[in-house]
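# An overview of the molecular structure
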Amino acid sequence: MLNKKTLSDIHARFRQLRSGELADNLAVQGIKYRIAWGVESYKLKDIAQEFEASVELAEALWTEDVRESKMIATRLFPAKEMTTEKALSWAREAKYTEIADQLCMNLFSRIPSSVELAETLSKSDSELEEYIALKLATRIEAKSDSVLVLANDILSKDYPIYLKTAALWYKQIYDQE
């Protein structure tokens, strides 16, 4: 059973380390959460190290519409226990590239089915899921034909710059000898 004190302790750490300037900057960029404390990601890494990783804690944090809770959840979910189905669900629930990046760096790149996940997401109709596929495949250096098809498609058409950049990074990995 989840210890409510643990959640309260994590939230207290967010309040201690909040940055109004960063939170305001996020809002100006159109990044909207119920709460965004503006805690920098490197500080969230330190907070995560203070707590024991668990599925229950990570899922409780993930369900909150709080930027920092989602980011720290990616560090507290035990990678060996992340199923492909759960990873797909989290990928679909990510609303911003910042969270997508955290998912790829902290969690998806360490799960046993990371290549399968990248290939599945590469066939999505969602630009953010396609972004996750590219970032994940680049991070794990997976040479996947389906991700390559996605990268080439993005580079040949009118897509947002964040997707084109992710596609270029993947192509560099894919084209390495």
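Scroll up a little and you will see the structure.
Scope of this entry: the structure provided in the associated data block. Since the model is a prediction, treat every value here as computed from it, not as a measurement. Note that residues are indexed from 1 along each chain, following the sequence as it is written. Local features in this predicted model are restricted to residues of pLDDT 70 or higher, and side-chain atom pairs are both shown and tallied only at a pLDDT of 80 or more, whereas totals for entire chains, interfaces and linings draw on every residue. Just so you know, side-chain values use all the structure's heavy atoms and leave hydrogens and water out.

Here we take up the packing of helix α1 (residues 4-17) against helix α4 (residues 55-63). Viewed as axis vectors pointing N to C, α1 and α4 meet at an angle of 50°, and their least axial separation amounts to 11 Å. Considering their axes alone, α1 and α4 lie oblique with respect to each other. Note on packing geometry: the crossing formed by α1 with α4 is right-handed. Between α1 and α4, the contacting residues are Thr 6, Leu 7, Ile 10 and His 11 on the first element and Leu 57, Ala 60 and Leu 61 on the second. Polar here means any residue outside two lists: the nonpolar Ala, Val, Leu, Ile, Met, Phe, Trp, Tyr, Cys and Pro, and the charged Asp, Glu, Lys and Arg; Gly therefore counts as polar. A per-class count over the contact of α1 with α4 returns 5 nonpolar, 2 polar and no charged. All axes are obtained by fitting lines to C-alpha atoms, using only the stretch in contact for helices, and the reported angles, taken between N-to-C directions, cover 0 to 180 degrees. Working definition: helices are DSSP H or I runs of at least four residues, strands are E runs of at least two. Numbering for both runs from the N terminus. Orientation is classified from the angle alone, with under 35 degrees giving roughly parallel, over 145 giving roughly antiparallel, 65 to 115 giving roughly perpendicular, and any other angle giving oblique. Two helices that cross are described as forming a left-handed crossing if the nearer one is turned anticlockwise from the farther one by less than a right angle, and a right-handed crossing if clockwise. The criterion used for residue contact is that any of the two residues' heavy atoms lie within 4.5 Å.

With respect to the helices and strands, the residue Lys 70 is situated in helix α5 (residues 67-76). Burial status follows relative accessibility: with a 1.4 Å probe on protein chains alone, a residue under 20% of its type maximum counts as buried, one over 50% as exposed, and anything between as partly exposed. Positive charges come from Lys and Arg alone, negative charges from Asp and Glu alone, with His and the N- and C-terminal ends not counted. Here, a salt bridge means any side-chain nitrogen of Lys or Arg that lies within 4 Å of a carboxyl oxygen of Asp or Glu. As a buried residue without a salt bridge, Lys 70 has its nearest oppositely charged side chain in Glu 93, at a separation of 5.3 Å. Pairing of N or O atoms within 3.5 Å defines a polar contact, subject to two protein rules: one partner must be a possible hydrogen donor and the other a possible acceptor, and residues neighboring in sequence count only if both atoms are side-chain atoms. Within the local environment of Lys 70, its side chain forms a polar contact with the backbone oxygen of Trp 62, the two atoms lying 2.4 Å apart. Side-chain polar atoms of Lys 70 contact the backbone oxygen of Glu 64, separated by 3.5 Å. Not counting chain neighbours up to four residues away, the residues in contact with Lys 70 comprise Tyr 33, Leu 61, Trp 62, Glu 64 and Ile 99.

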